[in-house]
Amino acid sequence: MRDRKRRSQRRASTSPWRYALATWLAGVLAAVGLGAVAPVGSALRTSLGLSDGALAWATSSITAVSAALGIPAGWWVRRFGAQRALSWGLFVMSVAAVGSAAAGSWGLLLAARIAEGVGYLLVFVAGPVVLTRIAQGGTRAAALALWGTCVPTGLALAAVTGGALESVWSWNQWLALTALGPLIMAGVLTAVLPRLPRAAVPCAHREAGAWNGALRLGVAYGSLSLVGVAVVMVLPAFLLEERQATPTVTGAVVAVVCLGSAVGGLAASWLLRRGSAFSSLVPLGALMPVACLPAFSAGFPLAVSGGAATLVLVVDGLLISAAFAAVPAAVSRAEDVDIANGILNQLGSVGILLGPPVFGLVIAAAGWGVVAALTLVFGGLGAVLLLTAVHTSAPGPAAGVSRSPGVPGGREGRDGAAPLAKATDVGKAQDGGKPERTRP
């Protein structure tokens, strides 16, 4: 009995960053699966006899699953439990990746990628919920902002590792390797994460009017995701066609630009952890359309254009990470966080799917100068909704999600929700306040 009490005390005193970083790593490895096909696309197309369209479907099917099922996944995570959903999502991704590696036809590959998309969706709905429940205050805001860097970090890791192994490994071996990380992390999270209670499932009549802030935040995230992915997707064509850059130079520039999104997310995490006001981050969105002018202009040196495009992605990544950090303040009750994350994933995935064709069609009709105008429209919409999503939400329990027994405490228990209230300009949480009771 005494030994059990000591173990419980050691777990309670553990910094929440231990759990937050483990959860973040799970998201990064899931994002590696999202980008796993691209580095071996040429070999995969030759081996299975795929057309460009078929290969594109195999690549984007994971995002399509999120665009179709994000909100239902939020409901399911609420009932199943975020911790279990996170581990099971990783396990499903691992099994599906093995299926992709063994696929001998386009149909089997597409089915495996769709199954992998289901696991990916569970990870990206459940991950932010776990972070919301294991940390409080400024640490919670910083951890959620850090979560916003999972996708660019994972995609960069997939591109670098897959590209390096493409010449010495077959595509089957590479896809099989991507199954290993999620499988290991599923076991690690099951062993490491503290036991979290399931959120209470409220009656339907209590749901009415509860989603205003979450829907605004979801549309904001979708708009910002649309801008980020569209800029990355149209930039290679601009560099090759308008700047006559070589494929090697183009690839290097695009890689640096993509990493800008992760840098922006890390900056958001650092700023929110230090208590920066949420409202001070949103106006930075005005830099995106301004930076697009030199980024997509042939009148500037290539280094300037590349730097400007990187700035667009830095700001975009910063605002996307801020959107994740704003979720607890955008909902009226702590129990709604999982559904809100489902909304974010669904609308964000819609933006990712729509971005390249929307930008491509308008550029074809009006030329490259229109990129700045499109970025102003969609980036401006995202920034405005990002700010109003929090400011129009009533400060409630979500601003200070309760801590359950076994969840790390320590200094965060004394910090309370006050740092988050400062970071998001929402609520008037008091230090040391009485935590909300969460029904199992």
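Residues numbered from 1 in each chain as written. Predicted model: local features only at pLDDT ≥ 70, side-chain atom pairs only at ≥ 80, totals over all residues. Heavy atoms only, no water.

Considerations on the overall build of the protein chain
Okay, so step 1: From N to C terminus, the protein chain includes 20 helices and zero strands.
Okay, so step 2: Here the protein chain, with 440 residues, has 54% of them falling under the buried criterion.
Okay, so step 3: If you take every contact in the protein chain between residues at least 6 apart in sequence, the share linking residues at least 24 apart comes to 85%.
Okay, so step 4: With an accessible surface of roughly 17,800 Å², the protein chain has 67% of that area assigned to carbon and sulfur atoms. (Helix = DSSP H or I, 4+ residues; strand = E, 2+ residues; numbered from the N terminus. Buried < 20%, exposed > 50% of the residue type's maximum accessible area, 1.4 Å probe, protein only. Contact = heavy atoms within 4.5 Å. Areas by Shrake-Rupley, 256 points an atom, 1.4 Å probe, with all protein chains shown as cover.)

As for the packing of helix H12 (residues 212–241) against helix H16 (residues 302–330)
Okay, so step 1: Remark: H12 packs on H16, axes separated minimally by 10 Å, with the N-to-C direction vectors making an angle of 160°. The angle between H12 and H16 places the two elements in the roughly antiparallel class. Crossing handedness for the pair H12 and H16: left-handed. Contacts between H12 and H16 involve Gly213, Ala214, Leu217, Tyr221, Leu224, Ser225, Val227, Gly228, Val231, Val232, Leu235 and Leu239 on the former and, on the latter, Leu302, Ala309, Val312, Leu313, Asp316, Leu319, Ile320, Ala323, Phe324, Ala326, Val327 and Ala330. (Axes fitted to C-alpha atoms, helices over the stretch in contact; angles between N-to-C directions. Parallel < 35°, antiparallel > 145°, perpendicular 65-115°, else oblique. Left-handed = near helix turned anticlockwise from the far one by under 90°.)

Some details on the packing of aromatic side chains
Okay, so step 1: Here the structure, examined in full by the defined rule, presents eight aromatic pairs.
Okay, so step 2: The interplanar angle of 55° and the centroid separation of 5.2 Å between the aromatic rings of phenylalanine 124 and tryptophan 147 together place this pair among those described as tilted. With a gap of 23 residues between them, phenylalanine 124 in helix H6 (residues 106–134) and tryptophan 147 in helix H7 (residues 137–147) connect regions that are remote in the sequence.
Okay, so step 3: Relative accessible area serves as the criterion here: at 2%, tryptophan 147 is assigned to the buried category.
Okay, so step 4: Each member of the aromatic cluster is reached from another via a ring pair, and the members are Tyr120, Phe124 and Trp147.
Okay, so step 5: Here the basic side chain of arginine 84 rests over the ring of phenylalanine 80, its NZ or CZ set 4.0 Å away from the ring centre. (Phe/Tyr/Trp six-rings, centres within 6.5 Å; stacked < 30°, edge-to-face > 60°. Lys NZ or Arg CZ within 6 Å of the ring centre and 35° of its normal.)

Quick notes on the environment of methionine 288
Okay, so step 1: Here methionine 288 lies in helix H15 (residues 287–295).
Okay, so step 2: Residue classification places methionine 288 among the buried positions, given a relative accessible area of 0%.
Okay, so step 3: Considering only alpha carbons, one finds methionine 288 and threonine 310, 22 residues apart in sequence, at a separation of 9.9 Å.
Okay, so step 4: In this structure, methionine 288 is in contact with Leu224, Val312, Val315, Asp316, Leu319, Thr375 and Gly379, ignoring residues within four places of it in sequence.

As for the confidence of the model for the protein chain
Any residue range with low pLDDT should be treated as having predicted coordinates unsuitable for detailed reading.
Okay, so step 1: Summary statistics for the protein chain give a mean pLDDT of 81 and a share of 81% for residues scoring 70 or more.
Okay, so step 2: No element of the protein chain has a lower mean pLDDT than helix H20 (residues 418–424), at 36, and none a higher one than helix H5 (residues 82–102), at 95.
Okay, so step 3: In the predicted structure, residues 203–209 sits below a pLDDT of 50 and forms seven contacts with residues beyond four places in sequence or in another chain.
Okay, so step 4: Across residues 393–440 the pLDDT falls below 50, and counting only partners more than four positions away or on other chains, this stretch makes 116 contacts in the model. (pLDDT = per-residue confidence, 0-100.)

Looking at unusual backbone geometry
Okay, so step 1: One non-glycine residue, glutamine 244, adopts positive backbone phi at about 50°.
Okay, so step 2: Relative to the helices and strands, glutamine 244 resides in the loop between H12 and helix H13 (247–273).
Okay, so step 3: Residue classification places glutamine 244 among the exposed positions, given a relative accessible area of 59%.

Notes on the nonpolar core
Okay, so step 1: Counting 102 residues, the largest nonpolar core has Phe124, Leu189, Leu217, Leu235, Phe296, Phe359 and Leu386 as its most contacted members.
Okay, so step 2: When sequence neighbours within four positions are dropped, the list of residues in contact with leucine 189 reads Ala22, Thr23, Ala26, Gln83, Leu86, Ser87 and Leu90. (Core = buried A, V, L, I, M, F, W, Y, C linked by side-chain atoms within 4.5 Å.)

What about the packing of H6 against helix H17 (residues 337–366)?
Okay, so step 1: One can describe the packing of H6 onto H17 by two numbers: an axis separation of 9 Å at closest approach and a directional angle of 140°. Taken together, the axis directions place H6 and H17 in an arrangement best described as oblique. Our pair here, H6 against H17, has a crossing hand that is right-handed. On H17, the residues touching Leu121, Phe124, Val125, Pro128, Val129, Thr132 and Arg133 of H6 are Val337, Asp338, Asn341, Gly342 and Asn345.

What to know about the environment of glycine 307
Okay, so step 1: Among the secondary structure elements, glycine 307 is positioned in helix H16.
Okay, so step 2: Since its relative accessible area comes to 39%, glycine 307 is described here as partly exposed.
Okay, so step 3: Counting along the chain gives 51 residues from glycine 307 to valine 256, while the straight-line C-alpha distance between them is 8.8 Å.

Structural notes on the side chain of threonine 149
Okay, so step 1: Tracing the sequence through the fold places threonine 149 in the loop between H7 and helix H8 (150–165).
Okay, so step 2: Classification of threonine 149 by relative accessible area gives buried; the value is 1%.
Okay, so step 3: Contact partners of threonine 149, with chain neighbours within four places excluded, come to Trp24, Ala262, Gly265, Leu266 and Ser321.

Things to note about helix H4 (residues 52–80)
Okay, so step 1: Helix geometry: H4 is bent most strongly at leucine 69, by close to 70°, with proline proline 72 lying one to four residues after it.
Okay, so step 2: Once H4 finishes, glycine 81 follows within two positions and takes phi at roughly 105°, a positive value. (Bend = angle between axes of the 7 residues up to and from the residue.)

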